[in-house]
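Read off the chains here:
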Amino acid sequence: MQGAARNFFTLAIVYGILGMSLGLHMSITHDHGQMPVHAHAMVAGWLMSAVFGFFYHLYPSVGRSLLARVHFWLQSVSGIFLLVGLYFLLAGNEAIEPVVAVASLGFFAGMLMFAWIALPVVWGSVGQRDMVAARAS
Ligand code: HEM
Ligand code: HEM
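Predicted model only: the values in this text are computed from it and were never measured.

Student: Could you clarify how one ought to interpret the layout of surface pockets in this entry?
Tutor: Any empty space left between atoms is shown by rolling a water-sized probe over those atoms. A volume near 250 Å³ is recorded for the largest pocket. Lining the largest pocket are 13 residues, with Tyr-15, Leu-18, Ala-41, Leu-83 and Val-84 positioned closest to its centre. Only helix H1 (3-29), helix H2 (35-58) and helix H4 (66-90) provide two or more residues apiece to the lining of the largest pocket. No other element matches the 7 residues that H1 contributes to the lining of the largest pocket. When its residues are assigned to classes, the lining of the largest pocket shows 11 nonpolar, 2 polar and no charged.

Student: Hey, could you run me through the site of ligand 2 in this one?
Tutor: All residues adjacent to ligand 2 are Met-35, Pro-36, Ala-39, His-40, Val-43, Ala-44, Met-48, Ser-104 and Phe-107. Within the side chain of His-40, an N or O atom sits 2.8 Å from a nitrogen atom of ligand 2. Of all the secondary structure elements, the ones that give two or more residues to the shell around ligand 2 are H2 and helix H5 (97-123). Considered class by class, the residues forming the shell around ligand 2 number 7 nonpolar, 2 polar and no charged.

Student: Before we go on, may I ask you to explain the nonpolar core in this structure?
Tutor: Nonpolar side chains in soluble globular proteins tend to be buried together. Judged by nonpolar contacts, the single largest core of 23 residues is most densely connected at Phe-8, Phe-55, Tyr-56, Val-62 and Phe-114. Looking at this core, the elements that each hand over two or more residues are H1, H2, H4 and H5. The element that contributes the greatest number of residues to this core is H1, accounting for 7 residues. When near neighbours in sequence (up to four residues on either side) are disregarded, Tyr-56 contacts Ala-4, Ala-5, Phe-8, Val-62, Gly-63, Ala-68, His-71, Phe-114 and Ile-117. If you look at the next biggest cluster of nonpolar residues, it comprises 6 residues, including Ala-44, Val-100, Ala-103 and Phe-107.

Conventions and cut-offs
- Residues numbered from 1 in each chain as written.
- Chains lettered and ligands numbered in written order.
- Predicted model: local features only at pLDDT ≥ 70, side-chain atom pairs only at ≥ 80, totals over all residues.
- Heavy atoms only, no water.
- 1 Å grid on protein atoms, 1.4 Å probe; cavity = no way out; pocket = protein on both sides within 12 Å on 5 of 7 lines; lining within 4 Å.
- Points joined across faces, edges and corners; volume = space filled by probe spheres on them.
- Helix = DSSP H or I, 4+ residues; strand = E, 2+ residues; numbered from the N terminus.
- Nonpolar A, V, L, I, M, F, W, Y, C, P; charged D, E, K, R; others polar.
- Near = heavy atom within 4 Å.
- Polar contact = N/O pair within 3.5 Å; in protein donor to acceptor, adjacent residues only side chain to side chain.
- Core = buried A, V, L, I, M, F, W, Y, C linked by side-chain atoms within 4.5 Å.
- Buried < 20%, exposed > 50% of the residue type's maximum accessible area, 1.4 Å probe, protein only.
- Contact = heavy atoms within 4.5 Å.

No statement about biological role is implied by the geometric values presented.
See below:
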């Protein structure tokens, strides 16, 4: 793996470890107050980042592009602010709500950017040479 694929896959594993640690903490303490943080760390963090990672791994030339790198930084920075902000919001710090709101919009913008990058690849000829090269090797 390289480029955005490697970055997203590494990020996915970090989300997975932190999210499961929070899940265990919730189970052990019987305090499920941070359930939304755990749920989003697992699905919007671990699973989504892994899907992005596999997509860019399938299309390495797309994964090395500037657009893919911008997508990685937008999705990862907004996702981290979203989850850390939500953690403090659920812990009672209401002043942090605007940070969570802006981060949510950033995270959504990341998804729109992925649509912009991925749909021409799966519907058109962009990146097809990666598939041809993969089949030939
Ligand atoms: C060490 C492993 C894990 C532990 C100890 C754990 C623990 C928990 C706990 C205590 C809850 C709260 C349940 C409730 O209050 O109703 C929860 C919810 C949730 N967990 Fe985990 N979890 C683990 C792994 C995972 C994984 C691997 C995923 C997904 C890839 C996941 C996804 C979710 C989701 C989506 C919810 C929210 C479910 C709902 O909306 O009711 N969890 N988990
Ligand atoms: C713009 C980003 C997002 C925002 C603002 C958002 C917001 C929310 C809200 C307000 C809830 C209800 C929480 C509650 O009732 O306690 C929720 C639940 C949930 N969301 Fe999201 N979400 C976002 C992205 C995602 C993504 C990308 C996924 C999956 C890939 C996801 C999976 C879930 C799941 C599994 C639940 C149920 C677990 C829970 O109640 O915490 N969300 N989300």
